[in-house]
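# Tertiary structure, described
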Amino acid sequence: MLPTEQSLIEQMRITELEIEHRKHLFGFTATDETILKQASVAIAAHIDDIVDAFYRQQTSEADIALLIGDSDTLKRLRASQRRYILDLFNGSYDIEYINNRLRIGLVHKRIGVEPKLYLSAVHTLKELIFHTLARLMDEEEYQLSIKALDKLILFDVSLVFDTYIRSMLSEIENAKDKAELYALSMENKVKERTQQLEEMSRTDPLTGLLNVRHIVETATKVLRAAERRTESVTGIYMDIDNFKHFNDSQGHRAGDDVLRAVANALKEATRPEDSCFRYGGDEFFVLLPSCTAQEASNTFLQRFEECLKRDTKGIRLSIGMAETGPRHFMEPAEFIDAADARMYDEKQKHRLMLGAQPEATVGQETELQLINTPSQVHKIR
């Protein structure tokens, strides 16, 4: 059964044994029940007077009058108070009676009646009932009745305050849950933002490739892993030919488009385990774990050429490759420099090969020319 389908007494797990124990704590006995039952007729005859006097006093207090509000609410409260007074003298204080007391406490808490106002109202009601009984009974009957009623009202107040406390604990628990959810949400946002900042710090904003600041760190991890697995690693250094001339003649925006085209081709041609860096300006570096130079020429470069041809009118790149491993490995900086040196050699050969021909510019080639062959690879074994 869901909590909302349970009675208050079930939700608070108050058993008949607990009820009897509470009565014992307040000294409320079967004799007291009989005494109150005997006074019921006298109280019923004057109940309207008691209720009228009670609400005259209550509405004279600004705090209470504000809570009561309009006349319809006052009418409902008067009917409820009338039933409660009759219940006090019905002589039966069973589970149904207990559940009604708990419900009263819950209602008072929900509408914002502070404990001090509730206790003040209880005191006022008790005094009015005592005054009524004093006029209707002899001294002995009066003393027995007010003692029995005093015990019962304390018994009722304990039940009402149980609901106050339970409601406040529930509010605290809900507030705690909300605070924890908010903290978790903020933690996730901070984590997400930290990841974004970290990603931004690692990524070149123009091309979306890794930036040069992390190239040595990444190369170190790749080379050490390859050394443990006895695998080759290939590094490829690329430079766009005549890029400065293109930038000067076509503008930097067109130059940025070329850089992005190369970067996109690199992303599409590489594997998930590969790393692509914009080394700076128009230079790029590709790190290929578990890959020989020959495999790089036969697979990666072919894919790269296809991707770049599809997205550009034709640009010329000078490319140098360095391979290290599987038995002996260069240090990361040495490995990168080796690919860079190989690329520079190829660029020089490219310029000599052009000789007296007019200088080619980026974007003017009818097809992509990758100035590199496997025989030109700088290989360290």
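Coordinates for the structure precede this section.
Bear in mind the structure is a predicted one, so any value in this text is a computation, not a measurement.

### Looking at helix H13 (residues 252–269)
- With 18 residues, H13 extends 26 Å between its outermost C-alpha atoms, agreeing within 8% with the 26 Å of an ideal straight helix rising 1.5 Å per residue.
- Turning to H13, the residues buried within the fold contact strand E2 (233–240), helix H12 (243–250), strand E3 (275–280), strand E4 (283–289) and helix H14 (293–311).

### A short note on the packing of aromatic side chains
- For the structure on display, the rule yields eight aromatic pairs.
- Between phenylalanine 28 and tyrosine 93 the ring centres are 5.4 Å apart and the planes differ by 80°, which places this aromatic pair in the edge-to-face class. Remark: tyrosine 93 occurs in the loop between helix H7 (71–88) and helix H8 (95–110) and phenylalanine 28 occurs in the loop between helix H2 (16–25) and helix H3 (30–38); sequence separation between them is 65 residues. The residues phenylalanine 28 and tyrosine 93 share a single accessibility class, namely buried.

### Remarks on the environment of arginine 213
- By the secondary structure assignment, arginine 213 is in the loop between strand E1 (210–211) and helix H11 (215–229).
- It is 9.9 Å that separates the C-alpha atoms of arginine 213 and arginine 278, two residues lying 65 residues apart in sequence.

### A word on the layout of surface pockets
- The calculated volume of the largest pocket comes to roughly 860 Å³.
- Tyr55, Leu77, Ser80, Ile104 and His108 are, among the 29 residues lining the largest pocket, the residues nearest its centre.
- Mapped onto the lining of the largest pocket, the elements with two or more residues apiece are helix H5 (47–59), helix H6 (62–68), H7, H8, helix H9 (115–136) and helix H10 (139–202).
- In terms of residue count, H7 provides more of the lining of the largest pocket than any other element does, eight residues in total.
- Grouping the constituent residues of the lining of the largest pocket by class yields 18 nonpolar, six polar and five charged.

Criteria and thresholds
- Each chain carries its own residue numbering, running from 1 in the written order of its sequence.
- Where totals are concerned, whole chains, interfaces and linings use all residues; where local detail is concerned, this predicted model gives features only for residues with pLDDT of at least 70, and gives and counts side-chain atom pairs only at 80 or more.
- Side-chain calculation: all heavy atoms of the structure are included, whereas hydrogens and water are not.
- Secondary structure elements are defined from DSSP: runs of H or I of at least 4 residues count as helices, runs of E of at least 2 residues count as strands, and each element is numbered from the N terminus.
- One fewer than the residue count of a helix, multiplied by 1.5 Å, yields its expected span.
- The contact definition used throughout considers only heavy atoms, calling two residues in contact when any of these lie within 4.5 Å.
- Pairing of aromatic side chains requires ring centres within 6.5 Å, counting the rings of Phe and Tyr and the six-membered ring of Trp. Pairs whose planes differ by under 30 degrees are stacked, by over 60 edge-to-face, and all others tilted.
- When a residue's accessible area, from a 1.4 Å probe over protein chains only, is under 20% of the maximum for its type it is buried; when over 50% it is exposed; and in between it is partly exposed.
- Cavity and pocket criteria rest on a 1 Å grid covering protein atoms alone: a 1.4 Å probe that fits but cannot get out defines a cavity, protein on both sides within 12 Å along at least 5 of 7 lines defines an open pocket, and an atom within 4 Å of a point defines a lining residue.
- Grid points are joined across faces, edges and corners, and a volume is the space filled by probe spheres set on the points.
- Following the grouping adopted for this structure description, the nonpolar residues are Ala, Val, Leu, Ile, Met, Phe, Trp, Tyr, Cys and Pro, the charged ones are Asp, Glu, Lys and Arg, and the polar ones are all others, Gly among them.

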